[in-house]
Amino acid sequence: MMVRKSHPKISIVKQCDVLQLNRSSLYKSSKGESAFNLELMEKMDEHYMQHPYKGSPSMYVYLTKDMGYKVSRNRIDRLYYNVMGLRAIVPGPHTSKRNKDHKIYPYLLRDLVIERPNQVWAADITYIPVEKGYIYLVAIIDLYSRYVLNWSLSNTMDAKWCKEALQEAMRLHGRPDIVNTDQGSQFTSDEFTGVFKEIPTKLSMDGKGRATDNAFIERLWRSVKYEKIYLHRPNDGLDCFIALQEYFNYYNFERRHSSINDYRPAEIYEKRVFLKQFHCHNNDTMENKPCLT
């Protein structure tokens, strides 16, 4: 599903390099999901994009009462939390799958004024549906400019993959003051948190059940899916990579964002256009015009 083993021109090794996919994960045995489960996941993903405040219980009601599916609550719980990694964006018990044995880092963005690029980055994972399967996407975004710094695809949600995506972003763009994530097990793992023991960058984590703390990257996921994925469903991993490469290029360099006074993210990030009076929680829009400094 991620690679085409019979591709006439591109070897499996090259496809793995293009997809930023570890070849070891390619050969891991995977049970996969049934066609019925994939259908349920597609419906949940689309509904979640419109109603991100819904947790697994509400999703179960929607699927069984509104959509007429005959399915157990346990099945929906497993797909919602474990496979898709979803969580409701309101305070409550619904959050991404965490490991209770892992250390949780404090949330550092409360009342923080974000006033420049590379001050705060955010990282997150989302589920991407493809024909007869699904892929995971991780992205790192600069909160000040909305610039997507790096992204990667994988067929598994593991900590090493997230760590390598972050390290590549730092190699390309330097180190931020803070990186904010949710409390998902990939981000609380020793593999991922170990990065921050060797560098001055601080790790911040959303409060439990508070995915609104990472709202900017949640908006990115909605844009990606409504403006690209849902319109033209990728066939497989290569198609998905090509589609996302095109979209993130458009998102960074062409798409104007109302939340940054209709500037493009690259104009803010790469040219260091500074927007005054931007507060990461209290203001969704910038009242003052950007100025070059």
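Below: a short report on this structure. Nothing here was measured: the structure is a model prediction, and the numbers come from that model. (Residues numbered from 1 in each chain as written. Predicted model: local features only at pLDDT ≥ 70, side-chain atom pairs only at ≥ 80, totals over all residues. Heavy atoms only, no water.)

## Side note on unusual backbone geometry
Then step 1. Of note, aspartate 111 is a non-glycine position whose phi angle comes to about 65 degrees, a positive value.
Then step 2. Along the chain, aspartate 111 falls in the loop between α5 (73-83) and β1 (120-130).
Then step 3. The phi dihedral of asparagine 261 is positive, around 55 degrees, even though this residue is not glycine.
Then step 4. Structurally, asparagine 261 is set in the loop between α10 (237-253) and α11 (265-269).
Then step 5. For asparagine 261, a relative accessible area of 17% gives the class buried. (Helix = DSSP H or I, 4+ residues; strand = E, 2+ residues; numbered from the N terminus. Buried < 20%, exposed > 50% of the residue type's maximum accessible area, 1.4 Å probe, protein only.)

## Describing the packing of aromatic side chains
Then step 1. Per the counting criterion, the structure on display carries 15 aromatic pairs.
Then step 2. Measuring from ring centre to ring centre gives 5.6 Å for tyrosine 134 and tyrosine 136, while their planes differ by 70 degrees; the resulting arrangement is edge-to-face.
Then step 3. According to the relative accessible area criterion, tyrosine 134 is buried, its value standing at 15%.
Then step 4. Taking relative accessible area as the criterion, tyrosine 136 reaches 5% and is therefore assigned buried.
Then step 5. Here the aromatic rings of tryptophan 151 and phenylalanine 248 are separated by 5.3 Å at their centres, their planes lie at 40 degrees, and the arrangement is tilted. Placement of tryptophan 151 in strand β3 (residues 148-154) and of phenylalanine 248 in helix α10 is noted, with a sequence separation of 97 residues between them. (Phe/Tyr/Trp six-rings, centres within 6.5 Å; stacked < 30°, edge-to-face > 60°.)

## Structural notes on empty space enclosed by the protein
Then step 1. As enumerated under the stated definition, the model contains 2 cavities of 30 Å³ or more in all.
Then step 2. Considering the residues around the largest cavity, the lining is formed by Tyr48, Met49, Met84, Gly85, Leu86, Arg87, Asp124, Ile125, Thr126, Tyr127, Glu218 and Trp221.
Then step 3. Sorting the residues of the lining of the largest cavity by element identifies α3 (35-50), β1 and α9 (215-229) as the ones contributing at least two each.
Then step 4. Per-element tally for the lining of the largest cavity: the top contributor is β1, with 4 residues.
Then step 5. Grouping the amino acids of the lining of the largest cavity by side-chain chemistry returns 7 nonpolar, 2 polar and 3 charged. (1 Å grid on protein atoms, 1.4 Å probe; cavity = no way out; pocket = protein on both sides within 12 Å on 5 of 7 lines; lining within 4 Å. Points joined across faces, edges and corners; volume = space filled by probe spheres on them. Nonpolar A, V, L, I, M, F, W, Y, C, P; charged D, E, K, R; others polar.)

## Observations regarding the packing of helix α4 (residues 56-66) against α5
Then step 1. For the pair α4 and α5, the least separation of the axes is 9 Å and the interaxial angle reads 125 degrees. Here α4 lies oblique to α5, going by the angle between them. For the element pair α4 and α5, the recorded crossing hand is right-handed. Counted together, Ser56, Pro57, Met59, Tyr60 and Leu63 of α4 and Arg73, Ile76, Asp77, Tyr80 and Tyr81 of α5 form the full contact between these two elements. (Axes fitted to C-alpha atoms, helices over the stretch in contact; angles between N-to-C directions. Parallel < 35°, antiparallel > 145°, perpendicular 65-115°, else oblique. Left-handed = near helix turned anticlockwise from the far one by under 90°. Contact = heavy atoms within 4.5 Å.)

## With respect to α4
Then step 1. Listed in full, the buried residues belonging to α4 are Ser56, Met59, Tyr62, Leu63 and Thr64.
Then step 2. Buried residues belonging to α4 abut α3 and α5.
Then step 3. Glycine 68 sits one or two positions beyond α4 and adopts a positive phi of about 80 degrees.

## Structural notes on helix α6 (residues 159-173)
Then step 1. Compared with the 21 Å implied by 1.5 Å per residue over 15 residues, the 21 Å span of α6 between its first and last C-alpha is a close match.
Then step 2. Residues of α6 that are buried: Ala159, Trp161, Cys162, Lys163, Ala165, Leu166, Ala169 and Met170.
Then step 3. Buried residues in α6 make contact with β1, β2 (133-142), β3, β4 (178-181), α7 (185-188) and α8 (190-193).
Then step 4. Between the side-chain oxygen at the start of α6 and the backbone nitrogen of lysine 160 there is a gap of 3.3 Å, and the oxygen is on aspartate 158. (Expected span 1.5 Å × (residues − 1). Polar contact = N/O pair within 3.5 Å; in protein donor to acceptor, adjacent residues only side chain to side chain.)

## Focus on the nonpolar core
Then step 1. Membership of the largest hydrophobic core comes to 78 residues, with the highest contact counts inside it found for Trp151, Leu220, Leu244 and Phe248.
Then step 2. Residues within four places of leucine 220 in sequence aside, it is in contact with Ala139, Ile141, Val148, Phe248 and Tyr251. (Core = buried A, V, L, I, M, F, W, Y, C linked by side-chain atoms within 4.5 Å.)

## Some words on the sheet that holds strand β5 (residues 202-205)
Then step 1. Spatial strand order, β3-β2-β1-β4-β5: 5 strands in an open sheet with mixed pairing. Taken across any chain shown, the strands that pair with only one partner, and hence form the sheet edges, are β3 and β5. Sheet twist, expressed as the mean angle between neighbouring strand axes with direction ignored, is 25 degrees.
Then step 2. Relative to the sheet, α6 contacts β1, β2, β3 and β4, its axis offset from that of β3 by approximately 150 degrees. (Pairing = 2+ DSSP bridges.)

## Re the pairing of β4
Then step 1. On β4, burial covers both faces: Ile178 and Asn180 on one face and Val179 and Thr181 on the other are all buried.
Then step 2. Looking at chain direction, β1 and β4 are connected through 3 bridges and run parallel. Within β4, the position partnered with valine 120 by the bridge is isoleucine 178.
Then step 3. Inspection of the sheet shows β4 paired to β5 by 4 bridges, in the parallel sense. Bridging across to β5, asparagine 180 finds its partner in serine 204.

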